[in-house]
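Tertiary structure, described
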Amino acid sequence: MFIYSLRASTIKFFAVICVALVALITLIAFVPDYGDSVVDQTVSKDASISYDKIKTNEDRIEFLSQFGWEVKAEAVTASEVTIPNEFDKVFTGYNEIQKRQGLDLSKYKKKNVMRYTYEITNYNGYDGTVYANLIIYRNRVIGGDICSADVTGFIHGFEK
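What follows covers the overall build of the protein chain. Helix and strand counts for the protein chain stand at four helices and five strands. The N-to-C order of helical and strand elements in the protein chain reads α-α-α-β-α-β-β-β-β. Looking at the protein chain as a whole, 29% of its 160 residues are labelled buried. Working note: accessible area of the protein chain is about 11300 Å², and carbon and sulfur atoms make up 57% of it.

With that settled, consider the pairing of strand β2 (residues 112-120). For a regular strand, the rule is simple: side chains alternate between the two faces of the sheet. By the bridge criterion, six bridges tie strand β1 (residues 77-82) to β2 in an arrangement that is antiparallel. In the sheet register, Ser79 faces β2, and the bridge partner there is Arg115. Note that β2 and strand β3 (residues 130-137) share seven bridges and pair antiparallel. Bridge pairing in β3 links Tyr116 to Leu134.

With that out of the way, let us pick up helix α4 (residues 89-100). Relative to the 16 Å expected for twelve residues at 1.5 Å per residue, α4 spans 17 Å between its end C-alpha atoms, a close match to the ideal helical length. By the burial criterion, the buried members of α4 are Tyr94, Asn95, Ile97 and Gln98. All buried residues of α4 project into a common sector of 145° when viewed along the axis, lining one side. Those residues of α4 that are exposed and angled more than 90 degrees off the buried face are Lys89 and Arg100.

Here we come to the packing of aromatic side chains. This model, assessed by the stated rule, comprises ten aromatic pairs. Centre to centre, the rings of Tyr126 and Phe154 are 5.1 Å apart; their planes meet at 90°, and the pair counts as edge-to-face. In this pair, Tyr126 is assigned in the loop between β2 and β3 and Phe154 in the loop between β4 (140-148) and β5 (155-156), connecting sequence segments 28 residues apart. Overall, the relative accessible area of 21% leaves Tyr126 in the partly exposed class. Through a chain of ring-to-ring contacts, three or more aromatic side chains come together here, namely Tyr51, Phe63, Phe67 and Phe158.

Strand pairing in a sheet relies on backbone hydrogen bonds. The paired strands run either parallel or antiparallel. Read across the sheet, five strands follow the order β1-β2-β3-β4-β5 without closing on themselves; strand pairing throughout is antiparallel. Among the strands making up the open sheet, the edge pair consists of β1 and β5. Sheet strands in contact with α4 are β3, β4 and β5, and its direction is about 110° off that of β4.

Glancing now at the environment of Asp52. Within the fold, Asp52 resides in the loop between α2 (37-45) and α3 (57-65). Take Asp52: its relative accessible area is 39%, and that puts it in the partly exposed class. C-alpha of Asp52 to C-alpha of Ile136: the two residues are 84 residues apart in sequence and 9.5 Å apart in space. Setting aside residues up to four positions removed in sequence, Asp52 forms contacts with Asn139 and Arg140. A distance of 2.5 Å separates the side chain of Asp52 from the side chain of Arg140, its partner in a polar contact.

Before going further, it helps to examine a nonpolar patch on the surface. There is a patch of nonpolar side chains on the surface, built from Phe13, Phe14, Ile17, Leu21, Leu24, Ile25 and Ile28 and spanning about 730 Å² of accessible area. Locating Leu21 in the fold gives a position in helix α1 (residues 8-30). Residue classification places Leu21 among the partly exposed residues on the basis of a relative accessible area of 47%.

This paragraph deals with the nonpolar core. Membership of the largest hydrophobic core comes to 19 residues, with the highest contact counts inside it found for Phe63, Leu64 and Phe158. Those elements that place two or more of their residues in this core are α3, β2, β3 and β4. Core analysis: the next-biggest nonpolar cluster, separate from the first, contains nine residues, Phe87, Val113, Tyr137 and Ile142 among them.

Here is what the cut-offs are and how they apply
- Residues numbered from 1 in each chain as written.
- Predicted model: local features only at pLDDT ≥ 70, side-chain atom pairs only at ≥ 80, totals over all residues.
- Heavy atoms only, no water.
- Helix = DSSP H or I, 4+ residues; strand = E, 2+ residues; numbered from the N terminus.
- Buried < 20%, exposed > 50% of the residue type's maximum accessible area, 1.4 Å probe, protein only.
- Areas by Shrake-Rupley, 256 points an atom, 1.4 Å probe, with all protein chains shown as cover.
- Pairing = 2+ DSSP bridges.
- Expected span 1.5 Å × (residues − 1).
- Arc of directions from axis to C-beta.
- Phe/Tyr/Trp six-rings, centres within 6.5 Å; stacked < 30°, edge-to-face > 60°.
- Contact = heavy atoms within 4.5 Å.
- Axes fitted to C-alpha atoms, helices over the stretch in contact; angles between N-to-C directions.
- Polar contact = N/O pair within 3.5 Å; in protein donor to acceptor, adjacent residues only side chain to side chain.
- Patch = residues over 30% accessible without salt bridge, like charges linked within 9 Å, V, L, I, M, F, W, Y side chains within 5 Å.
- Salt bridge = Lys/Arg side-chain N within 4 Å of Asp/Glu carboxyl O.
- Core = buried A, V, L, I, M, F, W, Y, C linked by side-chain atoms within 4.5 Å.

Here it is as structure tokens:
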């Protein structure tokens, strides 16, 4: 035969644990999730855009055409670059452009990637030379931009 005894302090301890659990469950149920909302909106908006399976020159041109860009048949430059381990002020600003289009270069720190630059032939509202840069890692576009060749020009994401 077993005899269990409970003291008042034991009952108070379990009561505090139960109240804490109820409070935690209430917080989880009623606090909205803001973490991935921007990413979800970007992904749902660009659900038809494919960033994978970019192996050939034709694949890169096809990728840019998803955004409405027409480019010359051959890349102006193709070079291997390394994503820096520490982002300076300029690279942090560039990564903000990437984040606005649902990409993030901080995941690829210290990685060697390929950068392909194409000349855009259908950029409206600007008379100078405009380039499209694609940053590709393991056949996937991980970043890029549309920019002018002028020093006082512009830079923005893939969207027109």
